[in-house]
Each structure stands twice: as structure tokens, then as C-alpha cells.
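Chain by chain, the residues run as shown.
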Amino acid sequence: VLTVSHCKGGLKMLSLLFLDDYLETDEAPEITHANDIMLDKVLSAVTPDIRLQNAALKVLCKPLVGEHQIIYRREIAKDFLANKLSLSKMKELFRQFCNFKLEYQSRKKQIYRLSSGQDGTTQMLDAVKLVQFGAYALKKQINLINDIHSLLCAAETTSCGINRIKQRVSVIVQSSDMHTLLEYAGIFEHYTLEETVHDMKFNIDESGKMSGLELSKVRTELSKKPEAESLFSIFRKKKTEPLTEIKAQFNPNDNTLLITNAIRDVTAAIEFVINSISDEFGGISDELMFYDFVMKYCEALDKSGVAYCFPEFSNDTKISGLYDLYLLFTRFDPSTVVPNGFVLKKDTKGILIGGDNSSGKTVYLRSIAMAYIFTQAGLPIPANSAQVALQNGLSIQMASAEKTLRASDSVGRFEEEVIELKDMINTISPNSLAFFNEIFQTTDYAEGAEGLYCILEYLNRKGIRWILVTHLTQLANMYSEQSSVRTLLMSSVEKYKVCNSKVVKRPS
């Protein structure tokens, strides 16, 4: 029934998050300090379910860098958005794969623990209990496959991911072996020793020694003359059978050990099928929690009343009407949130963002960082339109400009920021984007500006672009002659709006 696919790491299960050709190179390094941009607050505002929050956080903090992988994920999300009633049912059905396997393993351990050290008869009876439960679990699992097949066939899906699972389930359901499995599951589910006759197949090697034993057939009717023949007197060779196979028919009372081993062999075969199905489909249950979050995320966007879109891919990033997700989901009146535009061209090395305190600089930076994170996770963003250049990595280092700092804290905070910068520089890769908020605010203005300038120039040479919110006007003056570095200011005319700035050098 099952054709098991393998990869370098072993069994390869079906996935709704990754294509078959997914490699680690398709994924950026994990984002650290994500909660500094209020990502955890955004997730909790979308749903109070901690499991969904954790599932979303795990995906969001590992951005994809391959367009085909992102498209694969977002097309699945669109399918769920178009078939809203299917998701909850799918979650329940696929969750049962995991439950069956865990329940079976728990039952198996319980039976083995009880029968350990017991006599042969007790072990045989416990083996019967386990094969009965295994057959029951297998039967339920096959019926579960049928239910999933019916559900998927009823949904009008277009994504490669959903259709791939639909096709795989159809192959299993339409297999001729499915009926055989159900037949044997039905037999062993109500299996009893008292009313059963076993056909055993002994395998004889070339030297004439018995090399194996297996249960070839189980019938729930007694032999006509079971008392007339003993175990070893009934061996008989048929002319049509291979010379290496001899069949024997006997009553269960003839040999407890042979019966126990045969039943355990059947149980092992049942267990293999159960594990194969569970391993192939079992991971989908956890992945569906991410898409459950996506559904609730889009519902929250609908409720806020703002437009949202799946960004297109481009060499330049151009976003119009971009909203900050944290304010959008936490403000009582979402209409008071001010949208902004953002442009990061291919030849731009960095962007400086300045302005007065509480003017919206950090909010603007946060909205941009969120836009990249959600885009590279395959999710829509709250914007009128968007083109995004994918990054090989996203790095975040935030310091609150509004936080009140004591003089005694200044040195410690500066040293901490230097260590964080060092760690970031050592791990970030070329063609990545770094977000900085008010770093080096606790040191001398001139020294802070000079130190930051050296760090930013090093990032430029390494091929890493950056966006920096800063109060250090000296830094803006240092870049006033470089067209590859843009300077933006929060508008003093229209509150929380960002605009281009022409930096005028002030006399020292």
C-alpha cells in the first residue's frame, strides 16, 4: 500500500511547508531578537492559542530565501482561505495520525510491562491483546485515510501542496492492497485463540534445517479432525509447492511458543503499516497549526479594515501604504494608524531614519522589518501594494530610544550593544538586511557617530545592507555626500509620516 520515500536523513514525510527539493540553503539563518520588534505581541493579538503562536513564531523566525518555496507556501495559504470550512476538519483528521501512533505505543508498553516475566500462556494471551489493538488501530487508520480522501476531493484546491497530498491519499485509497489490509484487520481485531486455526509456513534451507516460520493464514473455523493429527505428523509436501516450503496445520494448544511468535510477527507487520502511514502524514498536523494561524491573521487584517497583499518579487523593494502590525492589532481604533511608503533600491547600501522623540521612527522601522519577515514566511502584509527583494538573512538589534537610562547603566548598555554587534557581524551573510534602532545612544554623540560609521562601512564592504534609526545627526552628515545611503526624516508637518531629507552640514 505504501511506497516509502527516502532522503539523506531517512524517511521523508509529506510537508505543507516545504517542497520536496527543499534544502537548508533555501532558508535564512534564524532571526534573533524578534520579540524586540513586538512580534510576540502581534502573535498574541492574532490568537490567544499558545500552540498556534509557537507554530507561527517557529516559521516566521526561519525566513525562506527561495521564491519557489515561498510561492509553494503562500499558494497553500490561499487554498485554505478559499476553503475555510476544510481547515478545522483537516486538522482534526491529521491529528489522529499522531494520536493513533502514540496510543498504540503506549498500549504496547503497557502490555509488555504486564507480561514481562510471566509464563508462556500469559505471554501468548498478551500477544493476542496487542494484535487485536493493532488491528483495531490499523482499521481506524485506513478509515481515516478514506475520510481525508473524501474531504480533499470535495475541496476545490489549486495549490501544489494540497494537491500533492490529495494525489498521495488517492493512490493509497485506490490500491488493491487496501481491501486486503482491511480484511486482515477485521480478522485480527476480533481474534480469539479458542476459535482459530492457524496455517503456518515453515521455511527449510538447503541443508534441510528449518530456517523460518510465519503465519500464512488464519481461519475462524476448526479443522474437521484436529484431534487426529499431531504437530509433526501432519507435514506433507505438495507437488505444486516449492521444495523449500512445508505447510503445517495445527491447533493453538499444540505449541504456545510457536503461536506467540507467529502472532507477534503479525503484530510487527501491522505496526509497520501503522508507523509508515503515521510517519508519512503525521507531521502535517503540526504544520496545519501554522495555517490555522494564517487564517486568524488574515481575519485580523480584515477586521482592521486595511488592505493587504502577497508581495511580488523584485530586485528593488517598493511598498506603498504599509501599516505597522503591532499598532494595527492593538489599537482600539485601527484607522488611527498612519501608513507609510518604503523604497530600498538594489544600489542602496543603507537608510538613515531620523526625527524627534516619539515621532514614529521606531514604529516605521518595525513595520519594515515585519514586512520582510512575513513576506519571506509566505504570508501577506498590510499594504496597498508591495514588491520585495528577498534577503539571505534578516538581523535585528533594537534599543529603545524612549527608555529612561540611569547614568550607572550607560557603560553596561554600550558594552552589551558592542557584543551584540560583534555576534551579528560574525554570523550575518552577504545580501542580508540589518535593522538597527537607536544603538550607541548611551555614549558620547561624536564617539557614537564615528564608531557607528566604521561599523556601517564594514557592513557595506561585506555586502550587507542596513536600516538605522538614530538620533546621531553627525552620522547623517558623514553620509551627506553618498548617494548610496538615503536619509529619511519623520515629518514635522504630518505626524508619523516619513519623508526624504536633505542633510545640511552644521558648523562644528
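A quick note: this is a predicted structure, and the numbers were derived from the prediction, not measured. Within any chain, residue numbers begin from 1 and follow the written order of that chain's sequence. In keeping with the predicted nature of the model, local features appear solely for residues at pLDDT of at least 70, side-chain atom pairs appear and are counted solely at 80 or more, and the whole-chain, interface and lining totals rest on all residues. With hydrogens and water set aside, each side-chain value is computed from the structure's full complement of heavy atoms.

The nonpolar core is taken to be a set of buried Ala, Val, Leu, Ile, Met, Phe, Trp, Tyr and Cys residues, with the residues joined through side-chain atoms within 4.5 Å. Between buried and exposed lies partly exposed: a residue is buried under 20% and exposed over 50% of the maximum accessible area for its type, with that area taken using a 1.4 Å probe on protein chains only. Within the largest apolar cluster, 111 residues are counted, with the highest numbers of intra-cluster contacts made by Phe281, Tyr297, Phe374 and Phe435. Helix and strand assignments follow DSSP, with helices taken as H or I runs no shorter than four residues and strands as E runs no shorter than two, numbered in order from the N terminus. The greatest single-element share of this core, amounting to 15 residues, is contributed by helix α5 (residues 120-154).

This paragraph deals with the confidence of the model for the protein chain. pLDDT is a residue-level measure of predictor confidence that goes from 0 to 100. Taken over all residues, the pLDDT of the protein chain has a mean of 81, while the share at 70 or more is 79%. When checking whether two residues touch, look at their non-hydrogen atoms; a contact exists if any pair is within 4.5 Å. In this model residues 503-508 is a low-confidence stretch, pLDDT under 50, and it forms 10 contacts with partners more than four residues away in sequence or in other chains.

Residue alternation in strand β8 (residues 340-344) divides its side chains into a buried set, Asn340, Phe342 and Leu344, and an unburied set, Gly341 and Val343. Taken together, the 4 bridges between strand β7 (residues 317-322) and β8 define a ladder with antiparallel strand orientation. Bridge pairing links leucine 322 to asparagine 340 in β8. Only strands joined by at least two bridges in the DSSP assignment are considered to pair.

Strand order in this open sheet of 6 strands is β11-β12-β13-β9-β14-β15, and the pairing throughout is mixed. The open sheet has two edge strands with one neighbour each: β11 (394-398) and β15 (498-500). Averaged over all pairs of adjacent strands, the angle between strand axes in this sheet comes to 20°, irrespective of strand direction. Sheet analysis places strand β14 (residues 485-490) next to β15, joined by 3 bridges and oriented antiparallel. Note on method: axes are straight lines fitted to C-alpha atoms, helices fitted across the in-contact stretch only, with angles between N-to-C directions ranging 0 to 180 degrees.

Attention now goes to the sheet that holds β8. Taking strand neighbours across the sheet as the criterion, the 4 strands line up as β6-β10-β7-β8 in an open arrangement whose pairing is mixed. Each edge of the open sheet is held by one strand with a lone partner, namely β6 (312-313) and β8. When β6 meets strand β10 (residues 385-388), the two strands line up parallel, connected through 2 bridges. Bridge pairing in β10 links glutamate 312 to glutamine 387. Taken strand by strand, helix α11 (residues 361-375) contacts β7, β8 and β10, and its axis lies near 65° from that of β8.

A few words on the pairing of β10. Burial along β10 is one-sided: the face carrying Ala386 and Val388 is buried and the face carrying Ser385 and Gln387 is not. Across 3 bridges, the pairing between β7 and β10 is antiparallel. Its bridge partner being in β10, lysine 318 is matched across the sheet by glutamine 387.

Turning our eyes to something else, we now look at the packing of aromatic side chains. Working definition: an aromatic ring pair is given by the centre-to-centre distance plus the angle between the planes. A pair of Phe, Tyr and Trp rings is counted when the ring centres sit within 6.5 Å of each other, with Trp represented by its six-membered ring. The angle between the planes then sorts it: under 30 degrees is stacked, over 60 is edge-to-face, the rest tilted. Per the stated rule, a full pass over the model turns up 12 aromatic pairs. An angle of 10° between the planes, with centres 6.2 Å apart, marks the rings of phenylalanine 293 and tyrosine 297 as stacked. On the criterion of helical spacing, the pair formed by phenylalanine 293 and tyrosine 297 is a turn pair, its members being 4 residues apart in helix α9 (residues 284-304). Accessibility classification places phenylalanine 293 together with tyrosine 297 in one group, the buried group. Taken together through their ring pairs, the aromatic side chains of Phe293, Tyr297, Phe329 and Phe374 make up a single cluster.

What follows concerns unusual backbone geometry. Peptide bonds are, in most cases, trans, and in most cases residues other than glycine have a negative phi. Not every positive phi belongs to a glycine, and histidine 33 is a case in point at roughly 60°. Tracing the chain through its elements places histidine 33 in the loop between β2 (10-11) and α1 (39-46). A relative accessible area of 36% means that histidine 33 is categorised as partly exposed.

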